[in-house]
Amino acid sequence: MTFDDAIRNLKDRFQLPEPKPLDLRLPIDRLRREFLRLDYSSEPDAPELAEIRPMTIPGAAGLIRARLYVPLGAGIPPGPGILFFHGGGFVLGDLDSHDMLCRRLADGSRCRVLAIDYRLAPEHCFPCAHDDALAAWAWVQEKGAEIAGIDPARCAVAGDSAGGNLAAYLCQQMVRAKGPVPAFQLLLYPLLQFADIRTKKMTPQESGFFISANLFEFFRRHYLPELASAMDPRMSPLFAPPEDLKGLPPAHVIVCGWDPLHDEGLAYAAKLNAVGVQTTEREYTSMVHGFMNLTPFFPAARTALREAGEVVGRALGAI
């Protein structure tokens, strides 16, 4: 298994700072400003959408920002939709850092995509992001058709990394609460447990290639000041009991060969299949964590996003 050459060449350009194991003093504001701020003007195939609309919706503790992406092939509303949660370790990321990812997901799926700017740590610790995810889902159920053109009965949830954690948790919580379950779940190299950082294979990430053991610990210490919360099923959906998995919506799990989250992604897909949840998986063996945000630099990320969108679009009947 080898790195994609295009990713190898980006190492020095997009290397996140390497914190000491318990150093919580890195300048969060600067990290947020610099996190995946890419120039997409060089992408000749950047999709044209029918509409991109800024919105505010109720979060768990006040209004939060959101952004609606409407592809050209979305059809007459209300129609299929995707509720999307960005990655960034519950500390970084926002609507802008994942803008092109959402544009391409909307275009590939022919579904409206509603991206959520949930609250971040350290200002807002666990379970704030998880509570905002539930609040966003409740809003889609109540107002999604009227305001966003999303049919709540044909709405999937999706997310990358920490956003994949939120999507997986939301589905499990709806099963536990006997609430409206999403129609599908798309998990992009999801973070599925924060209980044991040591089991996340770090080679070659030990050198700080996009993500490392210390960076995981940095994120965990910010979002989970009480480390006992790491075993909370909201935080580590990988360890949910089988009864919380039965009845989950169909899933598509994407993992990367050079990603410390690789094994837990495949383990979760296997657990879902074992309890009868229709689950497919796709491994990009030469890719690293977060590669779908690197669409300006190589076609593989653009192709992967289109393929992921098509999976969701077919599942929701949009394609």
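None of the values given here were measured: they were computed from a predicted structure.

(A) Broad picture of the pattern of salt bridges. Per the counting criterion, the structure on display carries 18 salt bridges. A salt bridge links Asp99 to Arg67; the shortest N-O distance between them is 3.1 Å. Taken as a pair, Asp99 in helix α3 (residues 99–109) and Arg67 in strand β2 (residues 62–71) lie far apart in primary sequence, 32 residues in all. The exposure classification of Asp99 matches that of Arg67, with both residues buried.

(B) Main features of the pairing of strand β7 (residues 251–258). Taken across its eight residues, β7 has eight buried, putting it largely inside the fold. The pairing of strand β6 (residues 185–188) with β7 spans four bridges and is parallel. Paired with Gln185 across the bridge in β7 is Ala251. Bridge analysis of β7 against strand β8 (residues 279–288) gives seven bridges, and the strand direction is parallel.

(C) Structural detail: the nonpolar core. Ranked by size, the top nonpolar core spans 101 residues in total, and within it Leu83, Leu114, Ile116 and Phe291 carry the most contacts. In terms of residue count, the dominant contributor to this core is helix α5 (residues 162–177) (eight residues).

(D) Broad picture of the packing of helix α4 (residues 128–148) against α5. At a minimum axis distance of 10 Å, the contact between α4 and α5 shows a crossing angle of 65°. Classified by chirality, the crossing of α5 by α4 is right-handed. Facing α4, whose interface residues are Ala129, His130, Ala133, Leu134 and Trp137, α5 presents Asn165, Leu166, Tyr169, Leu170, Gln173 and Met174. When grouped by side-chain class, the residues that make up the contact of α4 with α5 number eight nonpolar, three polar and no charged.

(E) Highlighting the state of the cysteines. Counting across every chain of the model gives zero disulfides. Take Cys111: it sits in no disulfide, and the sulfur closest to it among the cysteines is that of Cys155, at 8.9 Å. The exposure class of Cys111 is buried, given its relative accessible area of 0%.

(F) Inspection of α4 at higher detail. The end-to-end C-alpha separation of α4 is 24 Å, well short of the 30 Å expected for 21 residues at 1.5 Å each. When the local axis directions of α4 are compared, the greatest deviation, roughly 60°, occurs at Glu142. Every buried residue of α4 is listed here: Cys128, Ala129, His130, Asp132, Ala133, Ala135, Ala136, Trp137, Trp139, Val140, Gly144 and Ala148.

(G) Summary view of the side chain of Arg32. Tracing the chain through its elements places Arg32 in helix α2 (residues 28–34). We classify Arg32 as buried; its relative accessible area is 18%. With near-sequence residues (within four places) excluded, Arg32 lies in contact with Arg37, Val91, Leu92, Leu120, Ala121, Pro122 and Glu123.

(H) Fine view of the sheet that holds β6. In spatial order, the strands read β1-β2-β4-β3-β5-β6-β7-β8; together these eight strands make up an open sheet with mixed pairing. Edge positions in the sheet fall to β1 (49–59) and β8, since each of these pairs with one other strand and no more. Across the sheet, the mean angle separating the axes of adjacent strands is 20° when strand polarity is ignored. Of the strands in this sheet, β1, β2, β3 (79–85), β4 (112–117) and β6 touch α3, which is tilted by about 45° from β2. In the packing of α5 onto the sheet, contacts are made with β3, β5 (150–160) and β6, and the angle to β5 comes to roughly 140°.

(I) Focus on helix α6 (residues 213–223). In terms of residue burial, α6 counts as a mostly covered element, since eight of its eleven residues are buried. Among the residues making up α6, those that are buried are Leu215, Phe216, Glu217, Phe218, Phe219, Arg220, His222 and Tyr223. Buried-residue contacts for α6 involve α2 and α4.

(J) How the structure looks around the environment of Glu310. Mapped onto the elements, Glu310 comes out in helix α9 (residues 299–316). Spatially, the C-alpha atoms of Glu310 and Ala106 are 9.5 Å apart, while their sequence positions differ by 204 residues. Dropping the residues within four chain positions of it, Glu310 is found in contact with Gly108, Ser109 and Ile319.

(K) Unusual backbone geometry, seen in detail. In this structure, the amide linkage connecting Pro77 to the following residue, Pro78, adopts the cis form with an omega of -5°. Mapping Pro78 onto the fold places it in the loop between β2 and β3. Unlike most non-glycine residues, Lys178 shows phi in positive territory, near 55°. Tracing the sequence through the fold places Lys178 in the loop between α5 and β6. Accessibility expressed as a relative area gives 75% for Lys178, which makes it exposed.

Criteria and thresholds
- Residues numbered from 1 in each chain as written.
- Predicted model: local features only at pLDDT ≥ 70, side-chain atom pairs only at ≥ 80, totals over all residues.
- Heavy atoms only, no water.
- Salt bridge = Lys/Arg side-chain N within 4 Å of Asp/Glu carboxyl O.
- Helix = DSSP H or I, 4+ residues; strand = E, 2+ residues; numbered from the N terminus.
- Buried < 20%, exposed > 50% of the residue type's maximum accessible area, 1.4 Å probe, protein only.
- Pairing = 2+ DSSP bridges.
- Core = buried A, V, L, I, M, F, W, Y, C linked by side-chain atoms within 4.5 Å.
- Axes fitted to C-alpha atoms, helices over the stretch in contact; angles between N-to-C directions.
- Left-handed = near helix turned anticlockwise from the far one by under 90°.
- Contact = heavy atoms within 4.5 Å.
- Nonpolar A, V, L, I, M, F, W, Y, C, P; charged D, E, K, R; others polar.
- Disulfide = S-S within 2.5 Å.
- Expected span 1.5 Å × (residues − 1).
- Bend = angle between axes of the 7 residues up to and from the residue.

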